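Residues per chain are reported as follows:
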Amino acid sequence: MGMHRNVISVSAAASALILAAMLSACSSGAATTAGESEPFTDCGALLGSVVERNRIGDTHGAINAEMDALSASCPDEYDIATDYFSVLIEASNKGPELCDSWGDYALRPEAIELLAADGMCSRESQKTPDELWPEGALGWDEASDYVGDIQLVCGPLATVRGDAQGVFVNVGKDYPDPQRFAFVIWGEWWLDPIEAGATVCASGPIHLYNGVAQMELVHPSELKVW
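From a predicted model like this one, the values you see are computed outputs, not experimental measurements.

A.B. asks: What am I meant to see in helix H2 (residues 43-55) here?
C.D. replies: In an α-helix, one turn spans 3.6 residues, which is why side chains three or four residues apart end up on the same side. Its 13 residues place the ends of H2 18 Å apart at the C-alpha level, agreeing with the 18 Å of an ideal helix rising 1.5 Å per residue. Every buried residue of H2 is accounted for by Cys 43, Leu 46, Leu 47, Val 50, Val 51 and Asn 54. The buried residues of H2 occupy an angular sector of 135° when the element is viewed end-on, so they sit on one face. Where H2 terminates, the next one or two residues include Gly 57, which has phi positive at roughly 85°.

A.B. asks: Help me out: how do you make sense of the state of the cysteines in this one?
C.D. replies: As used in these notes, a disulfide is a covalent bond between sulfur atoms, one from each of two cysteines. Summed over the entire model, instances satisfying the criterion amount to two disulfides. A disulfide bridge connects Cys 154 with Cys 201, and the sulfur atoms are separated by 2.0 Å. Taking the torsion about the S-S bond as the criterion, the Cys 154 to Cys 201 disulfide, at about 115°, is right-handed. Here Cys 201 lies in strand E7 (residues 199-205) and Cys 154 lies in strand E4 (residues 150-162), a separation of 47 residues in the sequence. With respect to burial, Cys 154 and Cys 201 carry one shared label: buried.

A.B. asks: Help me understand the pattern of salt bridges, please; the structure alone is not making it clear to me.
C.D. replies: If charged atoms from side chains of opposite charge come close, those side chains can pair. Scanning the model with the defined rule gives five salt bridges in all. Between Arg 53 and Glu 66 there is a salt bridge whose closest N-O contact spans 3.1 Å. Separated by 13 residues along the polypeptide, Arg 53 in helix H2 and Glu 66 in helix H3 (residues 62-73) bring together distant segments of the chain. Residues Arg 55 and Asp 118 are paired through a salt bridge, measuring 2.5 Å at the closest nitrogen-oxygen approach. Of this pair, Arg 55 sits in helix H2 while Asp 118 sits in the loop between helix H5 (109-117) and strand E2 (121-122), and the two are 63 residues apart along the sequence. Judged by its relative accessible area of 21%, Arg 55 falls in the partly exposed class. In the salt-bridge network here, residues are joined through shared partners; they are Asp 79, Arg 108 and Glu 110.

A.B. asks: Hey, could you run me through unusual backbone geometry in this one?
C.D. replies: Here the bond from Tyr 175 into Pro 176 is cis, since omega is 10°, no more than 30 degrees from zero. The topology assignment puts Pro 176 in the loop between strand E5 (166-171) and strand E6 (181-186).

Cut-off values and rules
Position numbers for residues start from 1 in each chain and track the written sequence from start to end. With pLDDT at 70 or above as the cut-off, local features in this predicted model cover only qualifying residues; side-chain atom pairs require 80 or more to be listed or tallied, and sums for whole chains, interfaces and linings still use all residues. Remark: hydrogens and water are excluded; side-chain values derive from all non-hydrogen atoms of the structure. Numbered from the N terminus, helices here are DSSP runs of H or I no shorter than four residues, and strands are runs of E no shorter than two. Expected span of a helix, by definition, is 1.5 Å for each gap between consecutive residues, and there is one gap fewer than residues. The classification of residues rests on relative accessible area computed with a 1.4 Å probe and restricted to protein chains. Under 20% of the type maximum is buried, over 50% is exposed, and intermediate values are partly exposed. Arc definition: directions from the helix axis to the C-beta atoms. In plain terms, two cysteine sulfur atoms within 2.5 Å form what is called a disulfide here. Basic side-chain nitrogens of Lys or Arg form a salt bridge, by our definition, when they fall within 4 Å of a carboxyl oxygen of Asp or Glu.

Bear in mind that shape data such as this cannot, by itself, settle questions of function.
Structure (structure tokens):
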């Protein structure tokens, strides 16, 4: 596991250099002179080579020429590469999340697949609801449709935040995203560490506060990790 984190760190740093080189080339209007090199027609293989060079930290020499070739001859693969590199640094800082969460960034699906291959995001959300949480439970993203009802609500933990007023357990999305669901435990409580992405559940009435669906709990023991 330690080795995997080191690879991610190298890839993120490499991506920053690659993005800088790409921006520099775009701003200078650099173009490949006819006859300068053989045209590369296997765009998929070229994209794979660029991604692999980034993963091993090879940011010099051939990778720049390969990015130029993608830009000149493979617009789709070039867009995939730029999408992938543009969020790789942020993904390495945030840690593994559900791959679906990167859809909010309007990334090419192929770029998200590359993030998944790097272990930067999880495909857990592709499981059926029965696999994600207990039978009869309501998904966190459906809770806003059941305001006023008493329900068992479950979802993947995003963050746990606390202050002098209480503990706020954000599910599905992190604060301040208004689409998140929140379990709120008023008072000076603390929670045992829960791994990000773990499924947490609790039963109670659903309320809206400033447009955010939430459930107030009396005691931390009401929150269950499934």
